Every structure is written in C-alpha cells, then in structure tokens.
Amino acid sequence: MTTETAAAAARATVYGYPRQGPDRELKKAIEGYWKGRVTADALRSTAAELRAANWRQLAGAGIREVPTGDFSCYDHVLDTTVMVGAIPARHRDAVETDTLDGYFAMARGTQDVAPLEMTKWFDTNYHYLVPELGPDTVFTADSTKQVAELREALALGLTARPVLVGPVTYLLLAKPAPGVPADFEPITLLDRLLPVYAEVLADLRAAGAEWVQLDEPALVQDRTPAELDAAARAYHALGTLTDRPKLLVASYFDRLGDALPVLAEAPVEGLALDFTDTAAANLDALAAVGGLPGKRLVAGVVNGRNIWVDDLEKSLAVLGTLLGLADRVDVAASCSLIHVPLDAAAERDIEPQLLRWLAFARQKTAEVTTLARGLARGTGAIAAELAANRADLASRASSPITHDPAVRARAAAVTGADARRCQPYSERAAAQRAHLGLPLLPTTTIGSFPQTGELRTARADLRTGRIDTAGYEERVRAEIQEVVSFQEKTGLDVLVHGEAERNDMVQYFAEQLSGYLATQHGWVQSYGTRYVRPPILAGDISRPAPMTVRWTAYAQSLTGRPVKGMLTGPVTMLAWSFVRDDQPLGDTARQVALALRDEVKDLETAGTSVIQVDEPALRETLPLRASDRAEYLAWATEAFRLSTGGVRPATQIHTHMCYAEFGDIVQAIDDLDADVISLEAARSHMQVARELAAHGYPREAGPGVYDIHSPRVPSAGEAAELLRTGLRAIPAERLWVNPDCGLKTRGWTETRASLENLVAAARTVREELTTS
C-alpha cells in the first residue's frame, strides 16, 4: 500500500472508555446491589445502558471501531480470571452458587473468605485484582461476558473490536497462589493457557468479531529472554490458528524495547504502539525493524493518561512519519481512557480560558478523530481545529498561573542540607521514645476514619448553601470528638483526628495550594466502586496559609495521647493529580515539597509530636524501565526529605505506603529516612516485612494486620497471627501495629470491631513477648 493510500485509510479508535457514567451510575448501582437495594437484574440493566451510551457517544464522535469487553463491574483483570476459569479454590463454591456474588467475593472477600490481593496497574493509580496461580491450576474458557458485550455493540449497528488482556501479560501479573512455593513462575503455565485463549477467540469470531485486541502492556517492562521467548511462542501459536479473528496486539505506557521485533515478526495482523513522550523511542525502533509491512499499525499519539490538550501539529508530524512504516495507520489515544475523567465540558467552575487547556475522555476522542481526518484528508481539512489548538497551547504557555518567580527562586536555593535530618536515626529514636513514652508494639491507624453519610451530607449542604461555614465546622468538631473518644476507649496508643473535614487525601490539599485547579465532575476509577477526582497541577505551587494545623490542634486538645498530623507527600500529590507536563517532574515535586515543609514546621510549632507524610504512590510512579529509575528515585526521595527534614529530633516522622509491590524499592524506602513506615501487608501475608528484613531496614515499621479494602472483620486471633509473622522479620522494639490503609471507605460498625480486635491482638502478643 502506498503512503497516500495508507493515509486515506486512516481511522480513529480508542482502547477503552470510562465505565462509571456521567453521574457515576455504575458505582451507585453496584453499591446499591451490595446493600440489597438494587437487584442483580437492575444492576445488569444499568451496566448495559452505560455500555450502549458509551458506544453511541464514541460512534457519534467519529470512532469507526468501538472497543467491547473493556467495561467491567469491578476490574478487567478479574474479568480475565473469570474468562480463563482461574477461580481460586476458596471462591469456587461462591461462584458456582451465584456468579455475580462470587465475582464480588473474589474482589472484596466475605466474612469467611479473603479476597484476591489488589495492587497497582503498572505505574497508574488504577488497582487490579492479582490472579492466583499454581502448578495445579486448570484453565477453562468462559467467553460469556466477552461474547455478550460484542453482540450488544453489533446489535446497535456498530463495528466493534473486543479487547482482552493478553495471555502473556495476564501470567506476568499473576502471583503464586497461597501454599504454592514463592519461586513458582506463572508464565510457565503459558502452554496450558493458550488453548483457552484460542477457544475464546473462536467464540468471538463466531459472534461476529473481525478484529480482537490483545493487550500486552507487560512487554514494555524489562523482560528476560525466557519471557520474550514466551511472547514469541504465544503469538506464533495464536497467530497460526485457523479459526480466529484478526489480531491486534496492543502495548502502552512505555517503549516496547526488545519486545518490539518479537511482536513485529509475529503472525498477527496488527500492532498498537504508544508514541507519546514516555514512549517516543518506539518511532525509531519501529523504523529500525523495518516497520510493519502488510500489517495494521494503531498509533497512540494522544496521551490517554493526562488531561492536557494534545499538540495536534506535533502528533500529525509523528503520524506522517509512520505512514511509510505500515500498510494501514490508524489513530488512537496512547492507552485506555479509563485513566481520565469523562467530559471537561461538565466543569462549570473552571475559567473558560483555562478549560480550553483540558481534554478529558470525550475531548480526547475528538482529538483522535480530528487527527485521523487530518491524516486522511490533509491539514486543510482541519485548519480551524489546528488554529484553535495553537491558540490554546500558546495561552497555557504564557499564563501567569504557570510561572511564579518567588516559587522558582526558593526552589533554586535548596541545598542538600535542607533535605536531611540533623541527627541520625539512632539519636532521634532515643529522643522520641523518651518524649512519647509508647509501649512495645504501639498501635495506631493510618489516618482517616469512616466518612459517614452525615458528613457527606454536611459537605454537600455547605456547597449548596443549605448550611453556613459555622454549621459545617460544628459538625466536623463533633465528628473529631467522637473519633478521638473512640480511639481512647479502644486503647490505641497514637491517635488521629480522623480527617472528617477532608474530601480526599490529595484534593483537600490541592484546594488550598496555589497552582492547582479542582474539578467538580472529574471522577476517575481507582478500584472497584472507588472513584477519585484528581486535581490538576497547572502551575507553580505555594502554600498561602496553614492547611491542617487548626483541626490537628483541636484533636490534640481533647486527649493526652499523641495525635498524628496527617499530610500527603509530594510524590503522591503529583501521582494522584493530573500533573503539568511542561517542566521536569522533579522540579514540580520540589515545589510541592517546600509547601509541605512549611506545613510540617507549623504543625510542630503547634505541639504536634508525630507527623505522618503519606507516600503511597512512591512505588506506583516508579518508571517501568529499570534504566529510568535511578533519576526518579533520586528526586522522589529528596522531595520527601525536603518536606520533613526541618523538624526537631524528638518529632517522629511517619510515612505510609499501600497496594503496590515494594520489594524493588526497599532501598528508596530506606532513603526516605522516616522514623516509622506503615505498609499494606495483610493480603500479601506480610511479604513486605520479609522484604524489609532482607534489606536490613534499620528503622520502625508497621506492616498492616487489617485489610481495609474488604468488608470482613478480621478476628483478634487472625490479627495476632499476622503480627507474629511480622515479628519473625522485624524486632518487637521496632514493630508497630496498624491497619493496611485509611478507614475512610469503611463503615463504623466494621471499623469499631476490627480496631478493637487489632488492639486485642497487640495486647496478646505484647504479653507473650513480656512473659516468654
């Protein structure tokens, strides 16, 4: 095919779309089902209506081939586990009794059965349910969901492309099942899994699929020769099937590297690549392997993970270069659009000129179709769009919001000494023990307590003017009193104020920092029915006034026990925001760190002796390629130390991390130089405690003994057993007892029972230690 013909054939597509609906209808239906207020049929009907609305919107915007199968009532990796029949033994009875309840049992657990482990999807804030596999795993095909959703789209008269998690990525994301040796490698099950994928592909072909997309983002990470060989075998096996649709193998989030020639040579009909800034090397690498002659290339040129308008001329230039490298070049966002909100047009409180800088899922869809039209018909066909785009980019670049000379001067003046505590840990620990007087195995929580319906109603009433600020603050004070009183009665050693006044651990701070924009409808799925509104880090960051001191001091006035000041760390403030893309991330992190440093100092001056600076996103933001990690970890750990480095030795600095793989960043955790770190550990059976011990981690740690992302209440005996496991890795004098994460999403009934059991477990094990 000639370059001109390839351009004329260009189409627009996307890999996936936000699931929640414009008013989070899916969340409400699922949570209503859990509470018994919504029937299973009503939930399924809501899901079907949302899918159809998404497809119609995409088709109306010019997307010629809509994705199916990407929609999920909890998680697409969990959907894949169901598709291949890899149901853990402990969940089989529930799944066989009721498919829907069994599905949610795997995701959330029940009082009697633990859920699947949950962790981050590559370097995003989306969480997936980790498959549990072993040498005895038997795979069986169940293409019910995938076929049904394809038929729904076809019935609307649309061209549809089912999207599946690819077999190699599925296995590389999996972990050994409980009881299986830790060195078991799930990728060794590939030959057993491929026939199941072959059966699903045949079912989709029979249902009318011309193309099927197999997502293989795990191949953008560093892969061993054996893993690359597995990918080659997988796509040779699937590509040489006789009864199958055409196959489009998709990668995203980074460059493919050594996996590119493997996939380019595979007998499949198409390849989808990321060509945004983090994966720009794919362009030269594709040319180096001779392109994709005879194949379809889907070019991800619009950033699917951030919310800034695309530079259309830059993307067109990339697309023009690609025309000579494949028989057909289609245009797409770089990844599924589940990582961005639905529609920027819904934002009424952002200044119109600033709003023109933003592109959510619907706007990105329009950008993709504009680029496809420009590629097919020439730039003259999109001249008006190009002119408007140039004006929007220039407006952002010249805006005073993006440049604050005072902030930049302060950041430039930072020295290495600013990012270091003035005493070593051993001296600080002695001062902190003398000052705080805590017992062996001190107990605490991570920070937040349940956000009750009354609190949410009060916050909504304040927004709409039904109550005034004084009335709202009185409600917050009452909630703090209740939280502090409960903690004292339960016997916790280090208390928190419960964060009743906070809407979200990032948004709350963003709304008080200069340089951020907040949205009203910018919801993005984090996991299951948990949606967050990431703020937009648009310009230089500063702190006009204290943000947390007032409420922390109030809580401390109610008790003689120490109350932790609670802050969100600089890396997490970046990772859980839509961050500016016009300067290095390290520069932005330093600005946020300096703003937090001021807050830490004010908390200390107000009498706060324990200050927690949460960094749950430190691992999440780790670059996918090892060669890129040293630079990131250097500025990330410096930013944390810059936030906390100015306090006195007796002030105890905590940090917290959750739901990620920590083993490959233990040195970075050490480099934070926090006095105490709390970590998720309950679902992973204290794995992180063993990793800290293997590293020789010298400070205090609290691996979680209560999984807060499940509604089940762990017994005191269960928590005690986890604690004993932790003690085999961490000495008692350095071990804390705490939940995995904050309690914001839990109800008060389960929270009370779980924390009472946690404290009882600590007392039991403490007595065992003192009497042994």
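Scroll up a little and you will see the structure.
Summarised in this report is the structure supplied together with it.

### Focus: the overall build of the protein
And step 1. The helix and strand inventory of the protein stands at 29 helices and 21 strands.
And step 2. Taken over the C-alpha trace, the protein has a radius of gyration of 26 Å; the compact-globule value for 772 residues is 28 Å, and the two agree within 12%.
And step 3. With respect to the three principal axes, the spread of C-alpha positions in the protein is 75 × 60 × 50 Å.
And step 4. Per-residue burial for the protein yields a buried fraction of 62% across its 772 residues.
And step 5. Counting only contacts in the protein whose residues sit at least 6 apart along the sequence, the fraction spanning at least 24 positions is 79%.

### Some details on the sheet that holds strand 20 (residues 676-679)
Backbone-to-backbone hydrogen bonds pair the strands of a sheet. The strands run either parallel or antiparallel.
And step 1. Read from one edge to the other, the open sheet built from five strands follows the order 17-18-19-20-21, with strand pairing classed as parallel. Every other strand in the sheet has two partners, leaving strand 17 (564-568) and strand 21 (700-703) as the edge strands with one partner each. With direction set aside, neighbouring strand axes in the sheet form an average angle of 20°.
And step 2. As judged from the three bridges shared by strand 18 (residues 610-614) and strand 19 (residues 652-657), these two strands associate in the parallel manner. Across the sheet, Val 610 pairs through a bridge with Gln 652, a residue of strand 19.
And step 3. This element, helix 24 (residues 585-605), spans strand 17 and strand 18 of the sheet and lies at about 175° to strand 17.

### Things to note about the pairing of strand 21
And step 1. Residues of strand 21 alternate between two faces, with Glu 700 and Gly 702 on one and Ala 701 and Pro 703 on the opposite face, all of them buried.
And step 2. Pairing geometry for strand 20 and strand 21, over four bridges, is parallel. Bridged to Ile 677 within strand 21 is Ala 701.
And step 3. The β-α-β motif built from strand 20, the intervening helix 27 (residues 687-695) and the parallel element strand 21 has right-handed crossover chirality.

### Considering the pattern of salt bridges
Opposite charge on two side chains permits pairing when their charged atoms draw close.
And step 1. Counted under the stated rule, the structure contains 57 salt bridges.
And step 2. Between Glu 152 and Arg 51 there is a salt bridge whose closest N-O contact spans 2.9 Å. Here Glu 152, found in helix 7 (residues 144-155), pairs with Arg 51, found in helix 3 (residues 40-61); they are 101 residues apart in sequence, far enough to count as distant.
And step 3. Two residues, Arg 305 and Asp 123, come together in a salt bridge whose shortest N-O distance is 2.9 Å.

### Section: the packing of helix 2 (residues 25-34) against helix 3
How two helices sit against one another is set out by the angle between their axes and by the gap between those axes.
And step 1. The N-to-C vectors of helix 2 and helix 3 enclose an angle of 170°; their axes lie 9 Å apart at closest approach. It follows from the interaxial angle that helix 2 and helix 3 lie roughly antiparallel. For the pair helix 2 and helix 3, contact is made by Glu 25, Leu 26, Ala 29, Ile 30 and Tyr 33 and by Ala 40, Leu 43, Thr 46, Ala 47 and Leu 50, respectively.
And step 2. The residue inventory of the contact of helix 2 with helix 3, partitioned by class, reads eight nonpolar, one polar and one charged.

### Quick word on the packing of helix 3 against helix 7
And step 1. Between helix 3 and helix 7, the shortest axis-to-axis distance is 10 Å and the interhelical angle comes to 50°. The orientation of helix 3 with respect to helix 7, classified from their angle, is oblique. For helix 3 against helix 7, the interelement crossing comes out right-handed. Seen from helix 3, the contacting residues are Ala 48, Arg 51 and Trp 55; seen from helix 7, they are Glu 149, Glu 152 and Ala 153.
And step 2. Taken together, the residues that form the contact of helix 3 with helix 7 break down as three nonpolar, no polar and three charged.

### Remarks on the nonpolar core
Proteins that are soluble and globular tend to have nonpolar side chains buried together.
And step 1. Ranked by internal contacts, the top residues of the largest apolar core, which has 122 residues, are Tyr 170, Tyr 235, Phe 275 and Leu 322.
And step 2. Of the residues forming this core, the biggest block, nine residues, is contributed by helix 9 (residues 190-207).
And step 3. With 99 residues, the next largest nonpolar core counts Ala 595, Leu 633, Val 666 and Leu 743 among its residues.

### Description of the packing of aromatic side chains
And step 1. Taken as a whole, this structure holds 15 aromatic pairs when the rule is applied.
And step 2. For the pair Phe 122 and Phe 253, a centre-to-centre distance of 5.9 Å together with 50° between the ring planes defines the contact as tilted. Residue Phe 122 is found in the loop between strand 3 (118-120) and strand 4 (127-129), and its partner Phe 253 is found in the loop between strand 9 (246-250) and helix 11 (259-264); the two are separated by 131 residues along the sequence. Each member of the pair, Phe 122 as well as Phe 253, is classed as buried.
And step 3. Through a chain of ring-to-ring contacts, the aromatic side chains of Tyr 15, Trp 121, Phe 122, Tyr 128, Tyr 252 and Phe 253 assemble into a single cluster.

### Looking at the sheet that holds strand 9
And step 1. With parallel pairing, eight strands are arranged side by side in an open sheet as 1-12-11-10-9-8-6-2. Edge positions in the sheet fall to strand 1 (12-13) and strand 2 (66-68), since each has one partner strand and no second.
And step 2. Relative to strand 12 (residues 326-333), strand 1 runs parallel, the two being bridged by two bridges. For Thr 13, the partnering residue across the bridge sits in strand 12 and is Ala 332.
And step 3. The strands touched by helix 13 (residues 312-322) within the sheet are strand 11 (292-302) and strand 12, with strand 11 carrying the most contacts at an inclination of about 175°.

### A few points about helix 6 (residues 99-108)
And step 1. The element helix 6 is largely enclosed, with a buried count of eight among its ten residues.
And step 2. Of all the residues in helix 6, the buried ones are Leu 100, Gly 102, Tyr 103, Phe 104, Ala 105, Met 106, Ala 107 and Arg 108.
And step 3. Capping the start of helix 6, Asp 98 holds a side-chain oxygen 3.1 Å from the backbone nitrogen of Leu 100, two or three residues further along.
And step 4. One or two positions beyond helix 6, positive phi appears at Gly 109, with a value near 80°.

### Quick notes on unusual backbone geometry
And step 1. Within the chain, Asp 673 stands out as a residue other than glycine whose phi angle is a positive 60°.
And step 2. Looking at the secondary structure, you find Asp 673 in the loop between helix 26 (666-671) and strand 20.
And step 3. Of the residues examined, Asp 673 reaches a relative accessible area of 17% and is grouped as buried.
And step 4. Residue His 685 is not a glycine yet carries a positive backbone phi of 60°.
And step 5. Within the secondary structure layout, His 685 lies in the loop between strand 20 and helix 27.
And step 6. Of the residues examined, His 685 reaches a relative accessible area of 47% and is grouped as partly exposed.

### What to know about the pairing of strand 8 (residues 211-215)
And step 1. Of all five residues in strand 8, five are buried, a share of seventy percent or more.
And step 2. Where burial is concerned, the two faces of strand 8 agree: the one with Trp 211, Gln 213 and Asp 215 and the one with Val 212 and Leu 214 are both buried.
And step 3. Of the pairings in the sheet, the one linking strand 6 (residues 160-165) to strand 8 comprises three bridges and is parallel in character. By the bridge assignment for strand 8, Val 163 is matched with Gln 213.
And step 4. As paired strands, strand 8 and strand 9 are joined by five bridges and run parallel to one another. Paired with Val 212 across the strands is Leu 247, a residue of strand 9.

Quick notes on the rules
Residues numbered from 1 in each chain as written. Predicted model: local features only at pLDDT ≥ 70, side-chain atom pairs only at ≥ 80, totals over all residues. Heavy atoms only, no water. Helix = DSSP H or I, 4+ residues; strand = E, 2+ residues; numbered from the N terminus. Rg over C-alpha atoms; globule rule 2.2 N^0.38 Å. Buried < 20%, exposed > 50% of the residue type's maximum accessible area, 1.4 Å probe, protein only. Contact = heavy atoms within 4.5 Å. Pairing = 2+ DSSP bridges. Axes fitted to C-alpha atoms, helices over the stretch in contact; angles between N-to-C directions. Right-handed = clockwise from strand over helix to strand, strands pointing away. Salt bridge = Lys/Arg side-chain N within 4 Å of Asp/Glu carboxyl O. Parallel < 35°, antiparallel > 145°, perpendicular 65-115°, else oblique. Nonpolar A, V, L, I, M, F, W, Y, C, P; charged D, E, K, R; others polar. Left-handed = near helix turned anticlockwise from the far one by under 90°. Core = buried A, V, L, I, M, F, W, Y, C linked by side-chain atoms within 4.5 Å. Phe/Tyr/Trp six-rings, centres within 6.5 Å; stacked < 30°, edge-to-face > 60°. Polar contact = N/O pair within 3.5 Å; in protein donor to acceptor, adjacent residues only side chain to side chain.

Interpretation note: all reported values are geometric properties and have no functional meaning in isolation.
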